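Remarks on the overall topology
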Amino acid sequence: MSDTPMREPTFLVLTALADEPRHGYAVIEDVAAMTGGRVRLRAGTLYAALDRLRVEGLIEVDREEVVQSRLRRYYRLTGAGEQSLATETARLRAQATIAERRLQGRRARLGGATT
């Protein structure tokens, strides 16, 4: 992965696939649940992202099944996808830690006020 921060939808899709393979609609539902409904991926956007992530080698097809005469494709992280997600998670954690420290310093300077 490059030094460029990952876009939030990409981060969320990879996170949705981190614990188990999921099909597209399950990814959409999981992303909505993870974000408290703040991020709602549209099907067209999701499938374009899944195709891009597959070409980049971050995910791969786990399996396919037919459900109600429709093909359901399950995706899983690859080793490269796991590493990219771990790298981005560490980057975000480091930025959040800096923000927390600065907020704590601000509160200490203001005597505990949060204005």
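Preceding this paragraph is the structure being described.
Described in the following lines is the structure provided in the data block.

1. Quick word on the overall build of the protein
On a plain count of helices and strands, the protein comes out with four helices and three strands. By the compact-globule yardstick of 13 Å for 115 residues, the protein is too spread out, its C-alpha radius of gyration being 18 Å. Seen through its principal axes, the protein has C-alpha atoms that stretch 65 × 30 × 20 Å. The buried share of the protein, taken over its 115 residues, is 30%. Once local pairs closer than 6 in sequence are excluded, the contacts in the protein between residues at least 24 apart make up 42%. Surface summary for the protein: the accessible area is close to 7,700 Å², and the carbon and sulfur share equals 50%.

2. A closer look at the nonpolar core
Counting residues in each nonpolar core, the largest one holds 20 residues, and the members touching the most others are Val13, Leu14 and Ile59. Counting only elements with at least two residues in this core, the list comes to α1 (8–16), α2 (24–34), α3 (43–55) and β3 (70–77). Excluding anything up to four places from it in sequence, Val13 contacts Val27, Val31, Leu41, Leu46, Leu50 and Leu53.

3. Focus on the layout of surface pockets
Volume-wise, the largest pocket comes out at about 320 Å³. His23, Gly24, Tyr25, Tyr47, Val67, Gln68, Arg70, Leu71, Arg72, Arg73 and Tyr75 together form the lining of the largest pocket. Sorting elements by how many residues they give to the lining of the largest pocket places β3 first, with five residues. Along the lines of polarity and charge, the residues of the lining of the largest pocket split into five nonpolar, three polar and three charged.

4. Considerations on the packing of α2 against α3
Close contact between α2 and α3 brings their axes to 10 Å; oriented N to C, the two are set at 110 degrees. Taken together, the axes of α2 and α3 lie roughly perpendicular to each other. Residue-level contacts link Gly24, Tyr25, Val27 and Ile28 of α2 to Ala43, Leu46 and Tyr47 of α3. Partitioned by chemical class, the residues of the contact of α2 with α3 number six nonpolar, one polar and no charged.

5. Re the side chain of Glu88
With respect to the secondary-structure elements, Glu88 resides in helix α4 (residues 79–109). Side chain to side chain, Glu88 and Arg91 meet in a polar contact 2.6 Å long.

6. Topic: the pairing of β3
Two strands pair when backbone bridges link them, and strand β1 (residues 22–23) and β3 are joined in this way by two bridges, in the antiparallel orientation. Looking at β3, one finds that His23 is bridged to Tyr74. Sheet analysis places strand β2 (residues 59–67) next to β3, joined by eight bridges and oriented antiparallel. Bridged to Glu65 within β3 is Arg72. The hairpin formed by β2 and β3 contains two residues between the paired strands, and Gln68 there has a positive phi angle of roughly 50 degrees.

Definitions and cut-offs
- Residues numbered from 1 in each chain as written.
- Predicted model: local features only at pLDDT ≥ 70, side-chain atom pairs only at ≥ 80, totals over all residues.
- Heavy atoms only, no water.
- Helix = DSSP H or I, 4+ residues; strand = E, 2+ residues; numbered from the N terminus.
- Rg over C-alpha atoms; globule rule 2.2 N^0.38 Å.
- Buried < 20%, exposed > 50% of the residue type's maximum accessible area, 1.4 Å probe, protein only.
- Contact = heavy atoms within 4.5 Å.
- Areas by Shrake-Rupley, 256 points an atom, 1.4 Å probe, with all protein chains shown as cover.
- Core = buried A, V, L, I, M, F, W, Y, C linked by side-chain atoms within 4.5 Å.
- 1 Å grid on protein atoms, 1.4 Å probe; cavity = no way out; pocket = protein on both sides within 12 Å on 5 of 7 lines; lining within 4 Å.
- Points joined across faces, edges and corners; volume = space filled by probe spheres on them.
- Nonpolar A, V, L, I, M, F, W, Y, C, P; charged D, E, K, R; others polar.
- Axes fitted to C-alpha atoms, helices over the stretch in contact; angles between N-to-C directions.
- Parallel < 35°, antiparallel > 145°, perpendicular 65-115°, else oblique.
- Polar contact = N/O pair within 3.5 Å; in protein donor to acceptor, adjacent residues only side chain to side chain.
- Pairing = 2+ DSSP bridges.

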